Amino acid sequence: MDHFSDKLGLVLKTLVLSRTGLASALNVDKSLVGRWAAGTVTPSEHNLAKLTRYIASRVDGFTMLDWEKDLTGFARGLGVEVEISASDAGTQTGLFPAAIYKEGLRGAEMRAEAYEGFWRTTRPSSDVPGCYLRDITMVRRREDGLMGWYTGVEGERFEGWSLLLGHQFFSIGWDPSHGTLMFAIFNGVARQKAEVVEGLSLANLRDAGSSPVCSACVMERIGELSGDSARDDAHFDAQVRGLDPLVPASEVPEEIRAHLAQTISDEVPGMMRMLFTTSMARGPVLDPLGAK
């Protein structure tokens, strides 16, 4: 339902239909369609189903799932192509200026394949000293050209995007079920396909006050995409369901434990950082004969 008013505008233009004509076809007040078009309200489930059935009667294959697509994908579902300028796209996201969005698109076009795949994240547990938390992340290029970011642990699922800017990529995800966000900045890999990346994530604890917590984390590649989105989604869900999120220190390699311990300095209490000069981020490790 993101940008519903923009999608409704495309429907009206594609079907050569006025707001009044749509209101008549759906048997609703034309002022309601006006509020949909203005973006002040979105349709109820009942009215969205009526609207979807009406569009499907004129556009073969259109379903309720089309409303969940980004604007470009939605337009393709209507059988039309639209070009969204970087400026327009930046405005639609509402989170960053057009210049940053454009740079993120360029970074994804050049380097998204180096990060696409399935990853396992390890970070110290703030609740159980001496133990570590793990989650599963899937990185996959989206229809709008950005890098999609999907993270899951136990009952939480975060979905969002990543911007590849320079040697870092910046990620934001949201969990609608719990009404919370997560942010992350990772040190990336310059030229190789990334096998390990690390950085800092900011999210909320599951305590009564949803306390914010900043965690140093290391992400290790654990699998590749199949190219089939439905299959990859199912694999991601299976990996999350099968994951034991809390593990003892003995199950975490010493190299990773030592690296995570470097993020806090006794001289600067409360400071956490992942210095690029000591980064673990790397591509494949090759032997002298060129084999992995």
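For the structure, check the block above.
Remember, predicted model here, so these are calculated numbers, not experimental data. (Residues numbered from 1 in each chain as written. Predicted model: local features only at pLDDT ≥ 70, side-chain atom pairs only at ≥ 80, totals over all residues. Heavy atoms only, no water.)

Asker: Requested: an account of the layout of surface pockets, with residues and values cited.
Answerer: Considering only enclosed or pocket space, the second largest pocket measures out at about 690 Å³ in volume. Contributing to the lining of the second largest pocket are 33 residues, with R123, V153, E156, N204 and R206 lying nearest its centre. Looking at the lining of the second largest pocket, the elements that each hand over two or more residues are β1 (117-124), β2 (131-141), β3 (147-153), β4 (156-165), β6 (180-187), β7 (196-204) and β8 (212-223). If you tally residues by element for the lining of the second largest pocket, the top one is β8, at four residues. Grouping the amino acids of the lining of the second largest pocket by side-chain chemistry returns 15 nonpolar, 11 polar and seven charged. (1 Å grid on protein atoms, 1.4 Å probe; cavity = no way out; pocket = protein on both sides within 12 Å on 5 of 7 lines; lining within 4 Å. Points joined across faces, edges and corners; volume = space filled by probe spheres on them. Helix = DSSP H or I, 4+ residues; strand = E, 2+ residues; numbered from the N terminus. Nonpolar A, V, L, I, M, F, W, Y, C, P; charged D, E, K, R; others polar.)

Asker: Describe the nonpolar core, naming the residues involved and giving the relevant values.
Answerer: In globular proteins that are soluble, nonpolar side chains generally tend to be buried together. Counting residues in each nonpolar core, the largest one holds 26 residues, and the members touching the most others are L22, L51, I55, W67 and L78. Of all the secondary-structure elements, those providing two or more residues to this core are α1 (4-14), α2 (19-26), α3 (30-38), α4 (45-56) and α5 (71-77). Sorting elements by how many residues they give to this core places α1 first, with five residues. (Core = buried A, V, L, I, M, F, W, Y, C linked by side-chain atoms within 4.5 Å. Buried < 20%, exposed > 50% of the residue type's maximum accessible area, 1.4 Å probe, protein only.)

Asker: Before we move on, could you go through unusual backbone geometry and cite the residues and values that matter?
Answerer: Positive phi values are uncommon outside glycine, yet V16 reaches one of about 50 degrees. Unlike most non-glycine residues, S210 shows phi in positive territory, near 50 degrees. As for its placement among the helices and strands, S210 is situated in the loop between β7 and β8.

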